[in-house]
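# Survey of secondary and tertiary structure
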Amino acid sequence: MIASYQLITVLGPTASGKTSFAAALAAHLDTEIISGDSRQVYRSMDIGTGKDLAEYTVNGKAIPYHLIDMCDPGYKYNVFEYQHDFFRTYTAVREKGKLPVLCGGTGMYMEAVLKGYKLLDVPENPALRESLKDKSLQELEQILAGYKVLHNKTDVDTAQRAIRAIEIEEYYKNQAPERTEYDPPHSLIIGIEIDRELRRKKISERLKARLEEGMIEEVKQILATGVAPEDLIYYGLEYKFLTLYILGELSYEEMVSRLEIAIHQFAKRQITWFRGMERRGFTIHWLQATLSTEEKIEQTLHILHEKNKQR
């Protein structure tokens, strides 16, 4: 009955518990996970990106995962590369006779593969970058808001990333690519919905735990390898604020306060993206984060079988 689906997608905002659920679901289905996270592709960036690799072991069984730990810090991985890496991995897992589970919170990456958009490898535009270099993040966001082309606005929390986003939009405006490149996989999409107050509580608790686990030391070690501070700041969120703290530009208290606010804002932008996906024609079956893992698996299997009966 499950065979008519080619993929299960599990998405949700940060701190919703999507990874642990996806791993348990993959264990139940004897399958593999493909990450849909734009920052977990980087090696050594473990605590700050929330890889939580221990969650990929379920009842003593290691669940194979893909598109994690692919690049060194400092590299600027992009959605064009992700789409090609995804379909290469997806095809390999399908050829094993398995139903892959795509799990993540980077809406643009996930939508790019679920729709099969034809993406272009966008080169740098030095003249454009020079014209934008003195603008504030707020000014850059206003410029970016004027574009209609699909772009991931959830991760744009540094001026460098905003300039890159504008660069991409300008390139696409002039290139006008074909609509699709890949056949979109027929995917069941499961969303993990979490109450706002519970989400905020979990984000705050998780930030405190990660700081205690050595997140500051992780960033110091990456910087010690020769990665430029501006390249770490480019990744935003934890790497932006912890780098500024290490450089002495923020006090510890300022770093924690501003980072916590930024993560809350990021989660809101993720949810906005997912709701936008629904407006763009995706059907997302929402499950409450407070359900037990077993209840989530049971409801997912029920949806799978009901949908297959309708096909």
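Residues numbered from 1 in each chain as written. Predicted model: local features only at pLDDT ≥ 70, side-chain atom pairs only at ≥ 80, totals over all residues. Heavy atoms only, no water.

### Thoughts on the overall build of the protein chain
- A tally of helices and strands in the protein chain yields twelve helices and eight strands.
- Computed over the C-alpha atoms, the radius of gyration of the protein chain is 19 Å, within 12% of the 19 Å expected from 2.2 N^0.38 for a compact globule of 311 residues.
- Looking at the protein chain residue by residue over its 311 residues, the buried ones come to 51%.
- Of the contacts made within the protein chain by residues no fewer than 6 positions apart, 76% connect residues no fewer than 24 positions apart.
- As displayed, the protein chain has an accessible area near 14500 Å², and 48% of this comes from carbon and sulfur atoms.
- Charge centroids of the protein chain, computed over 41 positive and 46 negative side chains, lie 4 Å from each other. (Helix = DSSP H or I, 4+ residues; strand = E, 2+ residues; numbered from the N terminus. Rg over C-alpha atoms; globule rule 2.2 N^0.38 Å. Buried < 20%, exposed > 50% of the residue type's maximum accessible area, 1.4 Å probe, protein only. Contact = heavy atoms within 4.5 Å. Areas by Shrake-Rupley, 256 points an atom, 1.4 Å probe, with all protein chains shown as cover. Lys, Arg positive; Asp, Glu negative; His and termini not counted. Charge placed at Lys NZ, Arg CZ, Asp CG, Glu CD.)

### Focus: the packing of helix α7 (residues 196–213) against helix α11 (residues 252–279)
- Viewed as axis vectors pointing N to C, α7 and α11 meet at an angle of 135°, and their least axial separation amounts to 10 Å. When the interaxial angle is binned, α7 and α11 end up oblique. Seen from above, α7 lies across α11 with right-handed handedness. Every residue of α11 that contacts α7 at Arg199, Arg200, Ile203, Ser204, Leu207 and Leu211 is listed here: Tyr252, Met255, Val256, Leu259, Glu260, Ile263, His264, Ala267, Lys268 and Ile271.
- Its residues assigned to classes, the contact of α7 with α11 shows ten nonpolar, two polar and four charged. (Axes fitted to C-alpha atoms, helices over the stretch in contact; angles between N-to-C directions. Parallel < 35°, antiparallel > 145°, perpendicular 65-115°, else oblique. Left-handed = near helix turned anticlockwise from the far one by under 90°. Nonpolar A, V, L, I, M, F, W, Y, C, P; charged D, E, K, R; others polar.)

### Here's the deal with the packing of aromatic side chains
- Evaluation of the coordinates by the stated rule reveals eleven aromatic pairs.
- Counting every residue linked through ring pairs, the aromatic cluster contains Tyr77, Tyr82, Phe86, Phe87, Tyr90, Tyr109 and Tyr182. (Phe/Tyr/Trp six-rings, centres within 6.5 Å; stacked < 30°, edge-to-face > 60°.)

### Overview of the sheet that holds strand β6 (residues 101–104)
- Read from one edge to the other, the open sheet built from six strands follows the order β5-β2-β6-β1-β7-β8, with strand pairing classed as parallel. In this open sheet, the two edge strands, each paired with only one partner strand, are β5 (65–66) and β8 (284–288).
- The pairing of strand β2 (residues 33–35) with β5 spans two bridges and is classified as parallel. Pairing of Ile33 across the sheet is with Tyr65, part of β5.
- Helix α1 (residues 18–29) rests against β1 (7–11), β2, β6, β7 (187–193) and β8 of the sheet, and its axis sits at about 160° to β1.
- Where helix α3 (residues 107–115) meets the sheet, its contacts fall on β1, β6 and β7, and the angle it forms with β1 comes to roughly 160°. (Pairing = 2+ DSSP bridges.)

### Some details on the environment of Ile47
- By the secondary structure assignment, Ile47 is in the loop between β2 and β3 (57–58).
- Not counting residues up to four positions away in its chain, the partners in contact with Ile47 are Arg210, Glu213, Gly214, Met215, Glu218 and Tyr239.

### Considering helix α8 (residues 215–224)
- By the burial criterion, the buried members of α8 are Met215, Ile216, Glu218, Val219, Ile222 and Leu223. Mapping the buried residues of α8 onto a view down its axis gives an arc of 160°, with all of them on the same face. The outward face of α8, more than 90 degrees from its buried face, is lined by the exposed residues Gln221 and Ala224.
- Buried residues along α8 sit against α7, α9 (229–234), α10 (237–246) and α11.
- Where α8 ends, the next residue or the one after it, Gly226, has phi of about 110°, a positive value. (Arc of directions from axis to C-beta.)

### Overview of the pairing of β6
- Burial along β6 is two-sided: Val101 and Cys103 facing one way and Leu102 and Gly104 facing the other are all buried.
- Across four bridges, β1 lies against β6 in parallel orientation. Among the inter-strand pairings, Val10 is bridged to a residue of β6, identified as Cys103.
- Pairing analysis gives three bridges linking β2 to β6, with the strands arranged parallel. By the bridge assignment, Ile34 is partnered in β6 with Leu102.

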